Protein chains: 2
Amino acid sequence: MLKLSRMTDYAVVVLARLSAEDEVQTSPSVASSTGIPEPTVAKVLKTLAAAGLVTSFRGARGGYRLSRPLSAMPVADVITAIDGPIALTACVDGATGGCECQELCCMRGRWNGVNEAIRRALGAITLADMQKDGRLMPPPLHGAAGATPQIHVPAAE
Amino acid sequence: MLKLSRMTDYAVVVLARLSAEDEVQTSPSVASSTGIPEPTVAKVLKTLAAAGLVTSFRGARGGYRLSRPLSAMPVADVITAIDGPIALTACVDGATGGCECQELCCMRGRWNGVNEAIRRALGAITLADMQKDGRLMPPPLHGAAGATPQIHVPAAE
DNA sequence: GGTAATCAGGACCAACCCAGTACAGTTACC
DNA sequence: GGTAACTGTACTGGGTTGGTCCTGATTACC
C-alpha cells in the first residue's frame, strides 16, 4: 500500500509540537501534549536527534529543540531519518541489498526514475507547508492530558 | 522505507513480460521466463485481471493478455491494483479507518497534500516510460556488472 | 461427449518486520 | 553527590506479507 511507518507519522507530529514552543522540551512533555506514548516519543526523538533534525541537551533541564525551522525541513528528510533512504524497491540506487532475481529481471534499474520522482515530490514539501495547507487548525481539543497549547503556524518563511 | 510490496514489483515484471509478445500467455510460461515462482505469478495475474489491467481467457489454450499497451498504464494503476489505494498514512482521504488519535493529532489532514503529490508523480509515469528510461530491453541476461551500471549497492548512510 | 488445460477464488501457514517496552548506562545541572 | 534527563541496546508480541495448496468453473481439442 505504499504507506510509511507509523513512526514517521509520529515524527511529524512531534516535530510540529516542538516548533510550537521555542524552548527546550522534554520527551515526557511532548508525549503528554501529543497523546503519543512516552517511550515511543523518546525513541522518535532519539532517532531525529541522530539524524540532526532536532538538537538534544543532556542532563537536568535538558531536552530537545528543533535544529532548524519547519520551513527548512522537507518531508523527505523526516522519512529518511526514521525509515532510512527512500527506496521503493530493492533494485533502486541507494537501496541496500540487491534483489535476487537480477539475472532474469528485465526491469532492473527501471524503478530509479519512479523513485526519483517521489524523492523530488517529497523533497519539495516542507513540514511548514503541511501545516499551512491543512489550514484547519486543531479545534479546541478537550480533555486529554491537560495540554491545550497547540500548533500555531510559525511565522515560517 | 516507504517501499512498495514485492508483489507490485512482480506485477511490473509480469506486465512487461506480457507486452513482449502479442499473443495470449499462460502463467506457467510467464513464470518460467521471469524466474518468479509459478503460484505467485498466477496470484499476481489474477489480481491484475480483477483490476482490468490484463484480460484473462479461460479454458484450454487460455491465458492472459494485456488489456491496454504499457504506454497507457501508469505505475500508479499497478500499485493500486496490487496494494490498494495509495495512502501514506491512515489519516489520508480515501484511506480506510481513521487513526485513533485524531482528537490530539494536530497534523490530521495535513498528509493529503503529500499524498496527492505522490499520486501525481506515480500517475505521470507509465510502464512504457520505465522501459525506456532504463534504456532498453534486457539484452543477454546474465548479470555481469560491467555492462549494467545501475545496480551497485552503495549502502549510503 | 469426454478429457485435458487453464483460470477463479478461496483458505491456510510460515516467516519476517515493526511497534512498543524495559533496563542499564552516561551526562549535566543544582 | 544526587537527581533529572538523554543514550543505547535488547527483547517480545502482534500484524502483515509472501507463498502454497486445494477445489471448482470454464473452454478447447479429440
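Basis of the calculations
- Every residue gets a number counted from 1 within its own chain, in the order that chain's sequence is written.
- Here chains are named by letter from A upward and ligands by number from 1 upward, in the order in which they appear as written.
- Residues qualify for local features only when their pLDDT is at least 70, as the model is predicted, and side-chain atom pairs are given and counted only at 80 or more; totals for whole chains, interfaces and linings, by contrast, use all residues.
- Just so you know, side-chain values use all the structure's heavy atoms and leave hydrogens and water out.
- Secondary structure is summarised from DSSP: a helix means a run of H or I of at least four residues, a strand means a run of E of at least two, and numbering begins at the N terminus for each.
- Each residue gets one of three labels from its accessible area relative to the maximum for its type: buried under 20%, exposed over 50%, partly exposed in between, using a 1.4 Å probe on protein chains only.
- Between two residues, a contact is recorded if the distance between any of their heavy atoms is within 4.5 Å.
- Computed with the Shrake-Rupley method and a 1.4 Å probe, the accessible areas treat only the protein chains shown as cover for residues.
- Whether a residue is near a molecule or strand depends on its heavy atoms: it is near if one of them lies within 4 Å of it.
- Definition of a polar contact: a pair of N or O atoms within 3.5 Å, with one able to donate and the other able to accept a hydrogen when the atoms are protein atoms, and with sequence-neighbouring residues admitted only if both atoms are side-chain atoms.
- Nonpolar residues are Ala, Val, Leu, Ile, Met, Phe, Trp, Tyr, Cys and Pro. Charged residues are Asp, Glu, Lys and Arg, and all others, Gly as well, are polar.
- Only when DSSP finds a minimum of two bridges between them are two strands counted as paired.
- All axes are obtained by fitting lines to C-alpha atoms, using only the stretch in contact for helices, and the reported angles, taken between N-to-C directions, cover 0 to 180 degrees.
- Should an angle fall under 35 degrees it is called roughly parallel, over 145 degrees roughly antiparallel, and 65 to 115 degrees roughly perpendicular, with every other angle called oblique.
- Crossings are assigned a handedness: left-handed for a near helix turned anticlockwise from the far helix by less than a right angle, right-handed for a clockwise turn.
- Residue types Ala, Val, Leu, Ile, Met, Phe, Trp, Tyr and Cys, when buried and joined through side-chain atoms within 4.5 Å, form a set referred to as a nonpolar core.
- By definition, a salt bridge exists where a carboxyl oxygen of Asp or Glu is found within 4 Å of a side-chain nitrogen of Lys or Arg.

### Points about the overall build of chain A
Within chain A, the regular secondary structure consists of six helices and two strands. Moving toward the C terminus, one meets the helices and strands of chain A in the order α-α-α-β-β-α-α-α. Per-residue burial over chain A gives 50% buried out of 157 residues. Sequence separation of 24 or more characterises 59% of the internal contacts of chain A that already satisfy a separation of 6 or more. By element, 55% of the accessible surface of chain A is carried by carbon and sulfur atoms, the whole surface being about 7,200 Å².

### Observations regarding the protein's contact with DNA strand C
Contacts to DNA strand C come from 25 residues, most closely from K43 and R58 of chain A together with K46, S56 and Y64 of chain B. One of the side-chain nitrogen or oxygen atoms of R58 of chain A is found 2.8 Å away from a base oxygen of DNA strand C. At 2.6 Å, a side-chain N or O of S56 of chain B approaches a phosphate oxygen of DNA strand C. Among the elements of the structure, α1 (6-20) and α3 (38-50) of chain A together with β1 (54-57) and β2 (63-66) of chain B are those that each provide at least two residues to the surface near DNA strand C. Residue composition of the surface near DNA strand C, by class: nine nonpolar, nine polar and seven charged.

### Observations concerning the pairing of β1 of chain B
Residue and element names in this part refer to chain B. Pairing of β1 with β2, which is carried by four bridges, proceeds in the antiparallel orientation. From the neighbouring strand, T55 faces β2, where its bridge partner is R65. Here β1 folds back onto β2, and the loop between the two strands holds five residues, one of which, G59, carries a positive phi near 85°.

### A word on the packing of helix α1 (residues 6-20) of chain B against helix α4 (residues 75-83) of chain B
All names here are of chain B. Across the interface, α1 lies against α4 with an axial gap of 9 Å and an inter-helix angle of 125°. Regarding the angle of α1 to α4, the classification is oblique. Note that α1 runs across α4; the crossing there is right-handed. Listed contacts from α4 to M7, T8, A11, V12 and L15 of α1 are V78, I79, I82 and D83.

### Considering the nonpolar core
Core analysis: the largest hydrophobic core is formed by 80 residues, its most contacted members being L122 of chain A together with L122 of chain B. Aside from chain neighbours lying at most four places away, what touches L122 of chain A is P74, V75, A76, I79 and I86 of chain A together with L2, V114 and I118 of chain B.

### Details of the pattern of salt bridges
All names here are of chain A. Tallying each qualifying case throughout the model produces six salt bridges over all chains. With a shortest N-O distance of 3.1 Å, E21 and R17 are connected by a salt bridge. Among the residues examined, E21 registers a relative accessible area of 28% and is labelled partly exposed. With relative accessibility at 6%, the residue R17 sits in the buried group. In this structure, R119 and E116 form a salt bridge, with 3.6 Å as the shortest nitrogen-oxygen distance. One end of the pair, R119, and the other, E116, are both in helix α5 (residues 111-123), three residues apart, so they sit about a helical turn from each other.

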